[in-house]
There are 2 protein chains.
Amino acid sequence: MDSAAPPARRRSRRERRPSSPGATTRYRNLTNPFQPAEVLSADQVESIHAAALTLLADIGIRVLLPEARSILADAGAIVDETEEMVRFDPGLVEESLRSAPSSFRIVSRWGERDVTLGDTSVVFVPVSGPPFATDLDRGRRAGTLDDFEDFLKLFQSYDIIHSLGPAVEPQDIPLEARHLRMTLSQIQLSDKVPFVYSRGRAQVADCLEMVRIAAGVDEETFVTQPRAWSVINTNSPRQIDLPMGEGLIDFARAGQVLVITPFTLAGAMAPVSLAGALTLQHAEALAGITLAQVVRSGSPVVYGAFTSNVDMRSGAPAFGTPEAYKAAIASGQLARHIGVPWRSSGVNTSNVPDAQSAYETMMNTFGALQGGAHMIIHAAGWLESGLSASFEKLVLDVDVLQMVAESWQPIDTSDTEIALDAIAGVDPGGHFFGTAHTLERYRSAFYEPLLFDRSNHEQWKEAGSPQAMERANQLWKQVLAAYEPPPLDAAIAAELADFVDRRIAEGGALPRS
Amino acid sequence: MDSAAPPARRRSRRERRPSSPGATTRYRNLTNPFQPAEVLSADQVESIHAAALTLLADIGIRVLLPEARSILADAGAIVDETEEMVRFDPGLVEESLRSAPSSFRIVSRWGERDVTLGDTSVVFVPVSGPPFATDLDRGRRAGTLDDFEDFLKLFQSYDIIHSLGPAVEPQDIPLEARHLRMTLSQIQLSDKVPFVYSRGRAQVADCLEMVRIAAGVDEETFVTQPRAWSVINTNSPRQIDLPMGEGLIDFARAGQVLVITPFTLAGAMAPVSLAGALTLQHAEALAGITLAQVVRSGSPVVYGAFTSNVDMRSGAPAFGTPEAYKAAIASGQLARHIGVPWRSSGVNTSNVPDAQSAYETMMNTFGALQGGAHMIIHAAGWLESGLSASFEKLVLDVDVLQMVAESWQPIDTSDTEIALDAIAGVDPGGHFFGTAHTLERYRSAFYEPLLFDRSNHEQWKEAGSPQAMERANQLWKQVLAAYEPPPLDAAIAAELADFVDRRIAEGGALPRS
């Protein structure tokens, strides 16, 4: 399925798009040039898939929302109302998988920030959801709306960030109004695809209505195209909580994107064995996908793979581990087996944007990329096992993600690039610095880092021996200072403001608990 | 070619090997489980190979050593003595490639630290050659023999370090004695495969004689098995300097390993275009391989790929770049095309073991590993574009390399690991912490990092908010304090000491300039 808008519609939106002559589009619409790596044999993939189907049929998933149980019962699942337990017939699951699209597009406001999920596409999503914000100047503190908006401005500033994510929890905004303010900020500060939390029916309805208003489309049109996305976390093991059940139903009905992500931490909420954790992940994801497809056949869903493990000394979650690396690659195989796009992560455990945070992030991100992940969430700015969103880590990761994108550019082996003439023109032991071949190409030959330092030891000492995180601290403040919001139609802006004012006056909506 | 010692010989050596009950051998003899990634089409590989052959035939390589020119002329190369230029017939190159082994083994003192190069093997070699040593306590200073020996002790302490490398230049030892002391320290402090610099005929003869004495074999036996290795750096573009010509001849004659590594820095000593830099790298490597094979058919050679690029703002070398990442993968394709093992690197530009150094190292190391590199030099401890060997970076990298090795362990998908019974035994929304399935496995289920910190924010602050490099500083000192040298036969030790004393009394040997 490709949810492109009808050509006429898209052209009319394009007319309103801002001219941005200096903006690069180099890092949009990335595709991964490599064949996905594999850690499981075909038989092993089949074993895990079969075990997950057995789990769903015999052991079952507890679904707390009565409406969800009722929908699944109507579709043929065996429901035990006393235990709130749903057992899925393998045929029902397989039928749902057939209707789930293998790729689709999430449409952005101007059509320029559309996001494709599936095939060989790669979508980088920034840090999403930590309670704390942190930076070198102010340290670690509870996130505020100011922090949330500063992160949005940074997300908007870099093309390598393909979609918005809920950077940090704006804890200074009352719970009943928070979803409204978060959605409003996303629409005001960025033209990239927004994220909506599944925190209950009323909140989701508010947020999707705002996304619809921002898109300038009627309700009938809205459900035909994905324009927003949410994450559904199962309560591993084997439980779908109330707001998550509602989210699965409401996003599916609205034709919006569900990233269904079991939180299978091996050794804690999942078996200590990686095969067990993957089986549980697979079963829970299949349960969520099945509910979404039963609600609306063809709903855009993403297989969310988040399997990592605990630290066995402390029992605390650990990220960027070797176990998570191979679990990511295995997850890619499981997702391809069922034919839906899959998400992975770029996460780490470190308390500070130091070498450890970078090693762990790279371990996780390269596992995701080697495994052919379509969507990498927390790809920039996540710190401290997800408790903090770091401004310095954000721009460090952006620099590295841009390098990844550069490394995917093909090598030109035309005669002028192989350059035998240029080679013949330089004496043995000489150099190519001033040659015509170099001068014609050097400005664009190599990636120029945003903040990676290539000064020599003396220059570096003279500059005060800065570490990468200190240079990052300078950079994000400069980028924030230079930020400019994307255009927003005045009538739409007014309609959104009215909507938010009215809903807050009405008392907003508390999260579903 | 597999240079295994005859079984009888190896058994007799084994008898003398020390018992080391607590030592893990988990990280020895690693194999890369993934199919090598590709960035070039088959046609592009052929284009670069053909262009390199054209370069060798028409443009030529300047070979400064008269003996090397004479050997190549005898083999059919066209030699211009006035310009010291050698032009290689493609047939001569192709014939040499047929005699170069696609894989071989470097034999270690006890047979337990043997190193296989080729097929799917992966060999991690630590930092090799910087002039400066650096650590958080003493800062950056000229390397000394103490530093050199401390690095050797650390190399010996970790199984993930598979071969020795010349950690740091011991600048306090006079030039004429330095090679003797470096070789003696390697043999005394480690039973892993030693490195010998190609700094001229006399020095190489001394060092290989010491390796022979340490092996306890006669000269006839010595040449039948690789026991030491050297790096040959061409003086890019297109020049083989005097000591390098001697090294190519002497190591080939002695049956020892040559890692032939052009220093093709795109934009400086090589064309600014990546295809041009790779073509020059390929041609220079082929020239070195050809000389080695002409000297002794079947000589163990390694294709050394080191193509990176300059920073275009400063002209300084840059490492861990996206260009180097894809050049590494392309180099793997070129090496497989000619059928010899290949080396890559884990290098970085940063002045300090911070996030940048880690991102860059991972970029380079993952390029090497995705490309199927057999030998990764500077895989641990390299800093500052190779000007410094860092004690903290060494143990940080060791931790990460161990994680890489762990990530290569296969996933067990037997029924007890898929663990449906264990999953059925935990209530929905519960946890697996105390279950029998967890208790039976948790001690060995996950990698436990050497120094990566998984404490929570409060614990971390209480500990003084340490960064990874500070924890690394503690670790390497602990490991040094616990170091114990491997056994060395007393007669051999005495013979080596006598040899070194005698050669120093004779005036040693200066490097060839």
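Everything numeric here is computed off the predicted structure, so don't read it as measured data.

**Here's the deal with the sheet that holds strand S18 (residues 375-377) of chain B**
Residues and elements named next belong to chain B.
Here is step 1: Judged by pairing direction, the sheet is mixed, and its seven strands sit side by side in the order S1-S7-S18-S17-S14-S12-S10 without closing on themselves. The open sheet terminates on both sides in strands that have one partner only, identified here as strand S1 (30-31) and strand S10 (229-234).
Here is step 2: For strand S14 (residues 301-304) and strand S17 (residues 342-345), the ladder comprises two bridges, and the chain directions are parallel. Each bridged residue has a counterpart across the sheet, and for Tyr303 the counterpart in S17 is Trp342.
Here is step 3: Strands S10 and strand S12 (257-262) of the sheet are contacted by helix H9 (residues 242-253), whose axis makes an angle of about 145° with S10.
Here is step 4: The strands that helix H11 (residues 322-338) touches are S14 and S17; relative to S17, the one it contacts most, it runs at about 170°.

**Comments concerning the confidence of the model for chain A**
Here is step 1: For chain A, the mean per-residue pLDDT works out to 95, and 95% of the residues sit at or above 70.
Here is step 2: Segment residues 1-23 of chain A is flagged for pLDDT under 50; beyond a separation of four residues in sequence, or across chains, it makes 37 contacts in the model.

**Here's the deal with the pairing of strand S9 (residues 139-142) of chain B**
Here is step 1: In terms of strand pairing, strand S8 (residues 132-135) of chain B meets S9 of chain B through four bridges, oriented antiparallel. Directly across from Asp135 of chain B, in S9 of chain B, lies its bridge partner Gly139 of chain B.

**Some details on the pattern of salt bridges**
All names here are of chain A.
Here is step 1: Summed over the entire model, instances satisfying the criterion amount to 59 salt bridges over all chains.
Here is step 2: Of the charged contacts in the structure, one is a salt bridge between Arg201 and Glu67, with a shortest N-O distance of 2.8 Å. One end of the pair, Arg201, is in helix H7 (residues 201-215); the other, Glu67, is in helix H3 (residues 66-74), and 134 residues separate them in sequence.
Here is step 3: You can call Arg201 partly exposed: its relative accessible area is 31%.

**Considerations on the environment of Val310 of chain B**
Here is step 1: With respect to the helices and strands, the residue Val310 of chain B is situated in strand S15 (residues 308-310).
Here is step 2: Separated by 42 residues in sequence, Val310 of chain B and Ala268 of chain B place their C-alpha atoms 6.7 Å apart.
Here is step 3: Contacts of Val310 of chain B, omitting those with residues within four sequence positions, involve Phe446 of chain A together with Leu265, Ala266, Gly267, Ala268, Gly315, Ala316, Pro317 and Ala318 of chain B.

**Topic: the packing of aromatic side chains**
Here is step 1: Across all of its chains, the model carries 23 aromatic pairs over all chains by this definition.
Here is step 2: Measuring from ring centre to ring centre gives 5.4 Å for Phe263 of chain A and Phe306 of chain A, while their planes differ by 55°; the resulting arrangement is tilted. Within this pair, whereas Phe263 of chain A is found in the loop between strand S12 (257-262) and strand S13 (265-266), its partner Phe306 of chain A is found in the loop between strand S14 (301-304) and strand S15 (308-310), the two being separated by 43 residues in sequence.
Here is step 3: Judged by its relative accessible area of 27%, Phe263 of chain A is partly exposed.
Here is step 4: Taken together, a centroid distance of 5.7 Å and an interplanar angle of 50° make the contact between Phe306 of chain B and Phe319 of chain B tilted. One end of the pair, Phe306 of chain B, is in the loop between S14 and S15; the other, Phe319 of chain B, is in the loop between strand S16 (317-318) and H11, with 13 residues separating them in the sequence.
Here is step 5: For Phe306 of chain B, a relative accessible area of 12% gives the class buried.
Here is step 6: Owing to a relative accessible area of 3%, Phe319 of chain B belongs among the buried residues under this scheme.
Here is step 7: A network of ring pairs unites the aromatic residues Phe151, Phe155, Phe391 and Trp476 of chain A as a single cluster.
Here is step 8: Taking the ring centre of Tyr197 of chain B as reference, the NZ or CZ of Arg199 of chain B above it sits at 3.7 Å.

**Looking at the interface of chain B and chain A**
Here is step 1: The interface is formed by 114 residues belonging to chain B together with 113 residues belonging to chain A.
Here is step 2: With both sides pooled, the region where chain B packs onto chain A buries about 9500 Å², and carbon together with sulfur makes up 67% of that total.
Here is step 3: The largest per-residue losses of area from chain B upon contact with chain A belong to Tyr359, Phe446 and Arg454 of chain B, which jointly make up 10% of the total buried on that side.
Here is step 4: Applying the counting rule to chain B against chain A returns five salt bridges.
Here is step 5: Here Glu448 of chain A and Arg313 of chain B are joined by a salt bridge, their closest N and O atoms 3.2 Å apart.
Here is step 6: Element by element, the count of residues in the side of chain B that touches chain A is highest for helix H12 (residues 355-370) of chain B, at nine residues.
Here is step 7: For the side of chain B that touches chain A, the per-class residue count stands at 61 nonpolar, 30 polar and 23 charged.

**Structural notes on the packing of helix H11 (residues 322-338) of chain A against helix H13 (residues 391-407) of chain B**
Here is step 1: Contact geometry for H11 of chain A and H13 of chain B: axes closest at 8 Å, N-to-C directions at 40°. In terms of axis orientation, H11 of chain A runs oblique to H13 of chain B. The interaxial crossing formed by H11 of chain A with H13 of chain B has right-handed handedness. Contacts between H11 of chain A and H13 of chain B involve Pro322, Tyr325 and Lys326 of chain A from the first element and Met403, Glu406 and Ser407 of chain B from the second.
Here is step 2: A breakdown of the residues in the contact of H11 of chain A with H13 of chain B according to their chemical character gives three nonpolar, one polar and two charged.

**Points about the relation of the copies chain B and chain A**
Here is step 1: It takes a turn of 180° to lay chain B on chain A, together with a shift of 0.0 Å along the axis; the resulting RMSD is 0.0 Å. Expressed as an axis order, the relation between the two copies is that of a two-fold axis. Ranked by how close their C-alpha atoms come to the rotation axis, the residues of chain B are headed by Ala355 of chain B, at 2.0 Å.
Here is step 2: When the interface residues of chain B are mapped onto chain A, 99% of them again lie at the interface, so the same face is used by both copies.

Quick notes on the rules
- Residues numbered from 1 in each chain as written.
- Chains lettered and ligands numbered in written order.
- Predicted model: local features only at pLDDT ≥ 70, side-chain atom pairs only at ≥ 80, totals over all residues.
- Heavy atoms only, no water.
- Pairing = 2+ DSSP bridges.
- Helix = DSSP H or I, 4+ residues; strand = E, 2+ residues; numbered from the N terminus.
- Contact = heavy atoms within 4.5 Å.
- Axes fitted to C-alpha atoms, helices over the stretch in contact; angles between N-to-C directions.
- pLDDT = per-residue confidence, 0-100.
- Salt bridge = Lys/Arg side-chain N within 4 Å of Asp/Glu carboxyl O.
- Buried < 20%, exposed > 50% of the residue type's maximum accessible area, 1.4 Å probe, protein only.
- Phe/Tyr/Trp six-rings, centres within 6.5 Å; stacked < 30°, edge-to-face > 60°.
- Lys NZ or Arg CZ within 6 Å of the ring centre and 35° of its normal.
- Buried area = accessible area lost by both parts, 1.4 Å probe.
- Nonpolar A, V, L, I, M, F, W, Y, C, P; charged D, E, K, R; others polar.
- Parallel < 35°, antiparallel > 145°, perpendicular 65-115°, else oblique.
- Left-handed = near helix turned anticlockwise from the far one by under 90°.
- Least-squares fit on C-alpha atoms with pLDDT ≥ 70 in both.

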